[in-house]
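Here is how the chains run, residue by residue.
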Amino acid sequence: MADIKKEIDGTVMNISLCGMLDSKSAPQLRDMILESAADVSEINMDLAELEYLTSAGLRAILVGQQEMDDKDGKMTLKNVSKDILDIFRMTGFLKILTIEN
């Protein structure tokens, strides 16, 4: 299960994930994004300490991207490990996500 931390600075929401984003923690991330998306124009997600993510985790990240796309906002994933990057590559998510390392 992932430890999820959120901080809002003006119109920017910063989220850091630690551990494994799975079916237990992914709904928490999704709800966090949906509750705050109306008030922010940018989401920065720090994945430096994310060890693994399941399909539920991928869906939660996709929700964030869709929310920002719907309002012409921006979502950026930062500090993505090679293993997580491989998951994004295999699932085709590299085409729709903005990744900064």
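Rules behind the numbers
- Residues numbered from 1 in each chain as written.
- Predicted model: local features only at pLDDT ≥ 70, side-chain atom pairs only at ≥ 80, totals over all residues.
- Heavy atoms only, no water.
- Helix = DSSP H or I, 4+ residues; strand = E, 2+ residues; numbered from the N terminus.
- Buried < 20%, exposed > 50% of the residue type's maximum accessible area, 1.4 Å probe, protein only.
- Areas by Shrake-Rupley, 256 points an atom, 1.4 Å probe, with all protein chains shown as cover.
- Lys, Arg positive; Asp, Glu negative; His and termini not counted.
- Charge placed at Lys NZ, Arg CZ, Asp CG, Glu CD.
- pLDDT = per-residue confidence, 0-100.
- Pairing = 2+ DSSP bridges.
- Axes fitted to C-alpha atoms, helices over the stretch in contact; angles between N-to-C directions.
- Contact = heavy atoms within 4.5 Å.

**Quick notes on the overall build of the protein**
Scanning the protein from terminus to terminus reveals 3 helices and 5 strands. Of the regular secondary structure in the protein, the N- to C-terminal order runs β-β-α-β-α-β-α-β. If you line up the protein on its principal axes, its C-alpha atoms span 30 × 25 × 20 Å. In the protein, buried positions account for 41% of the 101 residues. On the protein, roughly 5,500 Å² of surface is accessible, and the fraction owed to carbon and sulfur atoms is 47%. Computed over 11 positive and 18 negative side-chain charges, the separation of the two mean positions in the protein equals 5 Å.

**Considering the confidence of the model for the protein**
Averaged over every residue, the pLDDT of the protein is 96; the share at 70 or more is 100%. Ranking the helices and strands of the protein by mean pLDDT puts strand S4 (residues 74-78) first, with 98, and helix H3 (residues 82-91) last, with 95.

**Considering unusual backbone geometry**
A positive phi angle is found at Asp72, which is not glycine, with a value near 55°. Here Asp72 lies in the loop between helix H2 (55-70) and S4. With a relative accessible area of 76%, Asp72 lands in the exposed category. For Asn79, which is not glycine, the phi torsion reads 55° and is therefore positive. Here Asn79 shows up in the loop between S4 and H3.

**Overview of the sheet that holds strand S1 (residues 3-9)**
The strand order across the open sheet formed by 5 strands is S1-S2-S3-S4-S5, and the pairing between neighbours is mixed. Every other strand in the sheet has two partners, leaving S1 and strand S5 (98-100) as the edge strands with one partner each. Each strand of the sheet is rotated relative to its neighbour by a mean of 20°, with strand direction disregarded. Here S4 pairs with S5 via 3 bridges, running parallel. Its bridge partner lying in S5, Thr76 is registered against Thr98. Helix H1 (residues 26-36) contacts S1, strand S2 (12-21) and strand S3 (42-53) of the sheet and is inclined by roughly 175° relative to S2. Running at roughly 170° to S3, H2 makes contact with S2, S3, S4 and S5 of the sheet.

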